Each structure stands twice: as structure tokens, then as C-alpha cells.
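Letter by letter, the chains look like this.
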Protein chains: 2
Amino acid sequence: MTYFSGMSATAPSIAEVAALVGNPARANMLTALLDGRALTAGELAHAAGVSPQTTSGHLAKLAEARLLLLSKQGRHAYYRLASPLIGRMLEGIMAVAADGPPRYRPRSRGDEALRTARTCYDHLAGRLGVALADTLSARGQVEMGEDGGEVTEDGAAFLTDFGLPITDLRNGRRTFCRPCLDWSERRPHLAGALGAALTDRLFTLGWIMRQRDTRAVLISAKGRAGLKAAFGIELGADGA
Amino acid sequence: MTYFSGMSATAPSIAEVAALVGNPARANMLTALLDGRALTAGELAHAAGVSPQTTSGHLAKLAEARLLLLSKQGRHAYYRLASPLIGRMLEGIMAVAADGPPRYRPRSRGDEALRTARTCYDHLAGRLGVALADTLSARGQVEMGEDGGEVTEDGAAFLTDFGLPITDLRNGRRTFCRPCLDWSERRPHLAGALGAALTDRLFTLGWIMRQRDTRAVLISAKGRAGLKAAFGIELGADGA
DNA sequence: CGATCGCTTCGGCGGATCCCGAACCGTCCG
DNA sequence: CGGACGGTTCGGGATCCGCCGAAGCGATCG
């Protein structure tokens, strides 16, 4: 952007917007966000193939130009496309670049796996994560608020029986239970010590398994049966 | 394009295409071409607000990337958008830039005037220019070929009677008659000494009049009557 | 509390871009 | 033929951008 001196409050020009996309690192970040999910700065750095510092600069520019929205969560910074207009614009550019129809995958296989169940650092997200939170809420075993959650007496009994050291968790330094907004489902799932412990227990039971090079987790046959028996959760092809 | 080292034969990346648009001069040229007309390098230089040399460089890049097509005509170089995909891409970018619907004029008033009748250097183009060429061809008074045209015996008599010094024109050094592709109509109109003389005659008769700051010409009431009587031409709102 | 982690800011280097003045070439005109 | 004109090529100068190393900051974890 050699010429856009005082962008100030005036509407950005065509060239300004195009110049933002006209950088391989930024273009990679934008296409990585094309499916509507929110990704952390680190994930975007990986997708773009540049260092975290460079990434931070790019993301700041994209956010200032209102192409991206920023949500901070703990020490993570989540970025997502600011509007469907951005996606349409990128499709238009891709069509010209490829001289054909857009070829990104709105729902690739890997993407579908991520939407079904994935780790969100140390707890579960995706349809599985949301379903667990929903079930525990519906049963009155967990009460979720805006900034935190609490386990009821009934919930404590149930979860202890499931193998979670509820008392220890509650006395730990880490936030016991808090909601974490799920970007593919746009609804909260369980985070905090409780979310991490529950996830850990599912791994230990062999109900879910990690995969290489992705945050998606696989649900085993035993896991399907167990989730249905313990939580009444069935993740069909159509989702939660 | 700091990074696009060997573009070679591979399909251009999103960033490459966007970077081409991400320059104010090039963006201005592209938007000037949005209505589908072909413009000369000089006209595009004016639209972009940069020098002819700079313009030439930009146009070369855009043509190499297949965003523009180049047609040479005499000493003029006509550039136009390579495909409707380019227009759609620009609309998409404009929508993001303006955060609203695209606001260029696919058919503005001035544009409509230009399509009806305009000068193409010293001869007539637009619907009027094409209609004159069509009529003279249909009557067998002018025979148009690929690279040149000729006036028949009947045509010479008619045009001489109309006030054109056909014999003098034919003996002049300037190409007597040649077709000139019309970019709004995509069909040929009359150029060369004959086209210039005919246009000059119409100005002298007061049938057509120049306007300020545009190549569009106005057809007077007398002109409408005369054109209908002499050539059977009526330019309604719907065109030729 | 100290250590780690994720993200951001700061500073400087290297390189590419953009632009125009000058010159060149082909076309058109008298 | 000579001049004018439109377009392009060549060369250099100013600018800016993208990138990373080093350091700072807040949140999290043991």
C-alpha cells in the first residue's frame, strides 16, 4: 500500500482492499478463514507460513480494515471473517485466479471431522463438545452462565461416578468451569478444569482418540456406545 | 508483487490477482473498463491519473495476467476486460470497499450518449456510425472488406450528390476507406478519408454537433430528418 | 511465585514496487 | 519527406512493504 496515506475515516478504496488481499500471507489467512470458523493467531501463522510477529502485523491490518473481527479469549486471539461479503469477494478473486469455478472446500472431509469433534486446547469443542454441555445443562447437572458455570449437587454425584475428581477440581487454582464459545456451532461448550478433566477422562476411557496433524478427534465404537449410554448423545451424519 | 517470482505457466494465485488490483492506478483503469467498452491506453492513462509510460507498464501487467485483452488498431491500443469474471470480481471487491452494493454505472446517461453517436478521432462511431456503414453496404454503394473498403459507381454518385469530393478523396494519400471496429456495437463503421469527410459533412450541414468534454455527438432535429431522408436511419431509444 | 505460552510491539534489514524523464518505434497526416 | 502523435521501452530514484530477531505483556499452569 504505497499510496494510501491518510485512510482515516473515509471508506476504503477498491485498491486498498485489493492490496490487503494481494499479499500471499494475508491471502492464505483469509482463505483459511473462508469456511466461517474463527482461528487463533497461531493457527493463522501456520496456515500463512510466516512467523507469529509477521502474522500479528497482518492480522492487525486486516482487522483495522474491517475484513476480520477479533475476539480475545484468555491468551488466545480468535480472528474470523467480518461478513459474508468478504467470502464472496474472495470467491470472485479465486474465480479469476483459477479461471474457473472456486475450488476451496466449504465442507472438506477434514473440515467435517473438525466440526464433529475437536480439541479446543485441552477441552472438547465441535458438535460433541456442545452436545456434552447441552446434556449436562438440560439434566440440571451443570448450570452455565455468561462468565462461569457451576456443578449442581446432582451433577457432582454423576460426574464423580463417571470418574472425575470434582472436589479436587473445584479446589484447584484453575477456573473450575467456564463456557467457551464454539465457533463452528456458535454455542458454548465446557472449558476450564471441568472441561479439561472430562476430556481427559474420555481419552482415558478410549472413547475418543487424537489424530496426527489436526485438532480433530475420532470417536471410537466404544465411545459411541458409551456416550449414548452415559449422556444420551448420538452424533449422526446430520450433526448433534 | 514482491513474492511472485516465477509465475510461468502455473495458474496465478489469489494474491497475485489481488495485488494487480491493489494499485490505485490499475484499479482506476479496471473500473473505467467495467462497462465493457474498450479504451485506448491514453484514455486509461487519463482515467488513472498517471503518465503514459506508467500506464503502459500497468497495462502490460494486466494483459499478461489475462485480466485485459489488447487489440491494436493503427497507432492505437485498445484494452478491454478479458471476461465477465473480471467484472464480477471487481464488483465483489467494491462491495467490501464500500460496505454496500456496487455503485458504478453500467449504463449511465453519458454512456448512453456515447453509445448512440460519438467521434472516433475524425469519423463517427456508435450506433450512428454503424448504421451509416450498414446502410451504404446494404444499398451496394460501399463494399466493406476485412482491411479496406471501396465505393461503387452508384455510391460515388450518391455521395458526390451528398456533398463529398469522392474523386479528390480517392486520390489523396490517406487511406480512402477502411472499416474500424466499433467497441460498443462490435461491428465495423466507416473510417479513413471517406469516414472523415462524411462526418465533416454532417457537421457542416448541422445534422450533428459536438459537445464539451466528451466524444459524444448530438443529433439535431434537422439531422434526424435528414438522416431518415437520405439514409433511412432512425435512431430510436432502442438503438439502431 | 516462577515458568511457560500465546500474542503483540519495536527496530532494522533487504527487496520490490511505483513513478517519471528521456529516448525509440510505428502510424498517420500534410 | 518531415512533423506530429500514440504507445512502448529503458533507466534511475524515492518510497514502502514484508520479514524476522529481540523484547514486552497478560494469561495460564505447576
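Since the model is a prediction, treat every value here as computed from it, not as a measurement.

Conventions and cut-offs
- Residues numbered from 1 in each chain as written.
- Chains lettered and ligands numbered in written order.
- Predicted model: local features only at pLDDT ≥ 70, side-chain atom pairs only at ≥ 80, totals over all residues.
- Heavy atoms only, no water.
- Helix = DSSP H or I, 4+ residues; strand = E, 2+ residues; numbered from the N terminus.
- Buried < 20%, exposed > 50% of the residue type's maximum accessible area, 1.4 Å probe, protein only.
- Pairing = 2+ DSSP bridges.
- Contact = heavy atoms within 4.5 Å.
- Buried area = accessible area lost by both parts, 1.4 Å probe.
- Salt bridge = Lys/Arg side-chain N within 4 Å of Asp/Glu carboxyl O.
- Polar contact = N/O pair within 3.5 Å; in protein donor to acceptor, adjacent residues only side chain to side chain.
- Least-squares fit on C-alpha atoms with pLDDT ≥ 70 in both.
- Expected span 1.5 Å × (residues − 1).
- Axes fitted to C-alpha atoms, helices over the stretch in contact; angles between N-to-C directions.
- Parallel < 35°, antiparallel > 145°, perpendicular 65-115°, else oblique.
- Nonpolar A, V, L, I, M, F, W, Y, C, P; charged D, E, K, R; others polar.
- Core = buried A, V, L, I, M, F, W, Y, C linked by side-chain atoms within 4.5 Å.
- Lys, Arg positive; Asp, Glu negative; His and termini not counted.

1. Considering the overall build of chain A
Piece 1. If you tally the helices and strands in chain A, you get 11 helices and 11 strands.
Piece 2. For chain A, buried positions account for 49% of its 240 residues.

2. What about the sheet that holds strand β3 (residues 76–81) of chain A?
All names here are of chain A.
Piece 1. Spatially, the 3 strands line up as an open sheet ordered β1-β3-β2, and their pairing is antiparallel. If you trace the sheet from one side to the other, it starts and ends with β1 (39–40) and β2 (68–73), each paired once.
Piece 2. Pairing of β2 with β3 involves 6 bridges; the strand directions are antiparallel. Its bridge partner lying in β3, Leu69 is registered against Arg80.

3. Notes on the interface of chain B and chain A
Piece 1. Every contact between the two is made by 27 residues of chain B and, on the other side, 28 residues of chain A.
Piece 2. Of the roughly 2200 Å² buried at the junction of chain B and chain A (both faces included), carbon and sulfur atoms supply 82%.
Piece 3. Counting every contact that joins chain B to chain A gives 0 salt bridges.
Piece 4. Summed over the shared surface of chain B and chain A, the number is 0 residue pairs in polar contact (both at pLDDT 80 or more).

4. Quick look at the environment of Leu205(A)
All names here are of chain A.
Piece 1. Mapping Leu205 onto the fold places it in helix α10 (residues 192–205).
Piece 2. Overall, the relative accessible area of 23% leaves Leu205 in the partly exposed class.
Piece 3. Each C-alpha atom, one on Leu205 and one on Gly223, is 8.1 Å from the other, the two residues being 18 residues apart in sequence.
Piece 4. Sequence-distant contacts of Leu205, defined by excluding residues within four places in its chain, comprise Phe162 and Lys222.

5. Points about the relation of the copies chain B and chain A
Piece 1. Between the two copies, chain B and chain A, the superposition gives an RMSD of 0.4 Å; the rotation angle is 180° and the shift along the axis is 0.2 Å. Read as a symmetry element, the transformation amounts to a two-fold axis.
Piece 2. Taken together, the interface assignments show that 100% of the residues at the interface of chain B recur at the interface of chain A, consistent with an identical surface on both copies.

6. Thoughts on the side chain of His58(A)
Residues and elements named next belong to chain A.
Piece 1. Its place among the elements puts His58 in helix α4 (residues 52–64).
Piece 2. Since its relative accessible area comes to 10%, His58 is described here as buried.
Piece 3. Excluding anything up to four places from it in sequence, His58 contacts Asn23, Ala25, Arg26 and Met29.

7. Describing unusual backbone geometry
Piece 1. Even without a glycine there, the phi angle at Arg66(A) is positive, about 65°.
Piece 2. Inspection of the secondary structure assignment puts Arg66(A) in the loop between α4 and β2.

8. Notes on the environment of Arg139(A)
All names here are of chain A.
Piece 1. Turning to its location among the elements, Arg139 is positioned in the loop between α7 (126–138) and β6 (142–144).
Piece 2. Taking the C-alpha atoms as reference points, Arg139 and Asp154, separated by 15 residues in sequence, lie 9.0 Å from one another.
Piece 3. Once residues lying within four places of it in the same chain are set aside, the contact partners of Arg139 are Asp154, Phe158, Ala230, Phe231 and Gly232.

9. What to know about helix α5 (residues 84–98) of chain A
Piece 1. Given a rise of 1.5 Å per residue, 15 residues ought to cover 21 Å, and the 21 Å separating the end C-alpha atoms of α5(A) matches this to within 8%.
Piece 2. Residues of α5(A) that are buried: Ile86(A), Gly87(A), Met89(A), Leu90(A), Gly92(A), Ile93(A), Met94(A), Ala95(A), Val96(A) and Ala97(A).
Piece 3. Along its buried surface, α5(A) packs onto α1 (14–21), α2 (24–32) and β3 of chain A together with α1 (14–21) and α5 (84–98) of chain B.
Piece 4. At the N-terminal end of α5(A), a side-chain oxygen is found 3.0 Å from the backbone nitrogen of Leu85(A), two or three residues along, and the residue is Ser83(A).

10. Some words on the packing of α5(A) against α1(B)
Piece 1. Orientation of α5(A) relative to α1(B), taken along the N-to-C sense of each, is 105°, at an axis distance of 8 Å. Taken together, α5(A) and α1(B) sit at an angle that is classed as roughly perpendicular. Packed against α5(A), whose contacting residues are Ile93(A), Met94(A), Val96(A) and Ala97(A), the element α1(B) presents Ile14(B), Val17(B) and Ala18(B) at the interface.
Piece 2. Looking at side-chain class alone, the contact of α5(A) with α1(B) contains 7 nonpolar, no polar and no charged residues.

11. Observations regarding the pattern of salt bridges
Residues and elements named next belong to chain B.
Piece 1. This structure, assessed with the given rule, holds 4 salt bridges over all chains.
Piece 2. For Glu150, the salt bridge identified is with Arg170, shortest N-O distance 2.6 Å. Here Arg170 lies in helix α9 (residues 166–171) and Glu150 lies in strand β7 (residues 149–151), a separation of 20 residues in the sequence.
Piece 3. By relative accessible area, which is 37% here, Glu150 ends up partly exposed.
Piece 4. The exposure class of Arg170 is partly exposed, given its relative accessible area of 37%.

12. Things to note about the nonpolar core
In a soluble, globular protein the nonpolar side chains are often hidden away together inside.
Piece 1. Grouped together as the largest cluster of nonpolar side chains are 62 residues, with contacts concentrated most on Met89(A), Ile93(A), Met89(B) and Ile93(B).
Piece 2. Excluding its chain neighbours within four sequence positions, the residues that come into contact with Ile93(A) are Val21(A), Ile14(B), Val17(B), Ala18(B), Met89(B) and Ile93(B).

13. Notes on the sheet that holds strand β1 (residues 39–40) of chain B
Piece 1. Reading across from one edge, β1-β3-β2 (chain B) is the order of the 3 strands in this open sheet, with antiparallel pairing throughout. Looking at which strands have only one partner, the edges of the open sheet turn out to be β1 and β2 (68–73) of chain B.

14. Some thoughts on α1(A)
Piece 1. Counting buried positions along α1(A) gives 8 out of 8 residues, so the element sits mostly inside the fold.
Piece 2. Those residues of α1(A) not exposed but buried are Ile14(A), Ala15(A), Glu16(A), Val17(A), Ala18(A), Ala19(A), Leu20(A) and Val21(A).
Piece 3. In this structure, the buried residues of α1(A) make contact with α2, α4 and α5 of chain A together with α1, α2 (24–32) and α5 of chain B.

15. Let's talk about the side chain of Arg26(B)
Residue and element names in this part refer to chain B.
Piece 1. Mapped onto the elements of the fold, Arg26 is located in helix α2.
Piece 2. Glu64 provides the closest opposite charge to the buried, salt-bridge-free Arg26, at an N-O distance of 10 Å.
Piece 3. Residues contacting Arg26, with those up to four places away along its chain left out, are Ala19, Leu20, His58, Lys61 and Leu62.

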